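Observations on the three-dimensional arrangement
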Amino acid sequence: MPKATAKPIDPVIEFLKRLAKDDAKVMSDFIKWAIDPARSPKEVERIHEFVEEAEHRIRNSRSKLDRVAAAQALLGFFREHSRRLGVNERFLATICGALCTYFQNRKIWDPAVESCEFLVSRAIPDEDGVGFHDRLDWLYRQRARRAT
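Notes on the structure in this doc start here. What you see is a predicted model; the values in this text were computed from it and never measured. (Residues numbered from 1 in each chain as written. Predicted model: local features only at pLDDT ≥ 70, side-chain atom pairs only at ≥ 80, totals over all residues. Heavy atoms only, no water.)

Moving on to the pattern of salt bridges. Summed over all chains, the structure comprises 12 salt bridges. Here R39 makes a salt bridge to E43, at a shortest N to O gap of 3.2 Å. A cluster of three or more residues bridged by salt bridges with shared partners is formed by D10, R46 and E49. (Salt bridge = Lys/Arg side-chain N within 4 Å of Asp/Glu carboxyl O.)

What follows is the structure, encoded as C-alpha cells:
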C-alpha cells in the first residue's frame, strides 16, 4: 500500500486560526515566523493576507484580542521589515490609516499617534496624496489635551 504524501502545512493558515480564536501570542509568533529573510514571494503574499485579517480583528468590536498590543506589534513589524519584504506603501497607508482611525475614534491617542507617526516618517501619503501631517498635528493636540 503506497504511503500518502504529507501535505505541507501552511503556517499562515495556523496563524489565521489562532487569530480567529483571539490567541494572545499569535502576533508575536507570526512576527517571529515572518521576519525570516528566506520568505518566498508566495509567503510574502500570505503575510499580507494575515496582516489584513489582523487589522480587521483589531477593529472588530467582538474580538477579545488586545487591540493596542496587536496594533503596536504590527507597527513594529512594519517599521522593521516592511521595506525588506517589499510591502507596498499603499497597503501600509491603508492598514496603518485604518488603525489610526480606529484608535482615534475611541480616543486612545498613543497608538493613533504611533500609526500616524510611522506613515509620516516614511512619507507615505493618504488617499488624497496629501500626507498625514495635519492629522498627526491634530492627534498631538488631542493627546496633550488629555494630559492636562
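Negative phi values dominate among residues other than glycine, just as trans dominates among peptide bonds. Positioned with a positive phi, K107 is a non-glycine residue whose angle comes to about 55°. In this fold, K107 is placed in the loop between α5 (89–105) and α6 (109–121). Even without a glycine there, the phi angle at A123 is positive, about 55°. By secondary structure assignment, the location of A123 is in the loop between α6 and α7 (133–147). (Helix = DSSP H or I, 4+ residues; strand = E, 2+ residues; numbered from the N terminus.)

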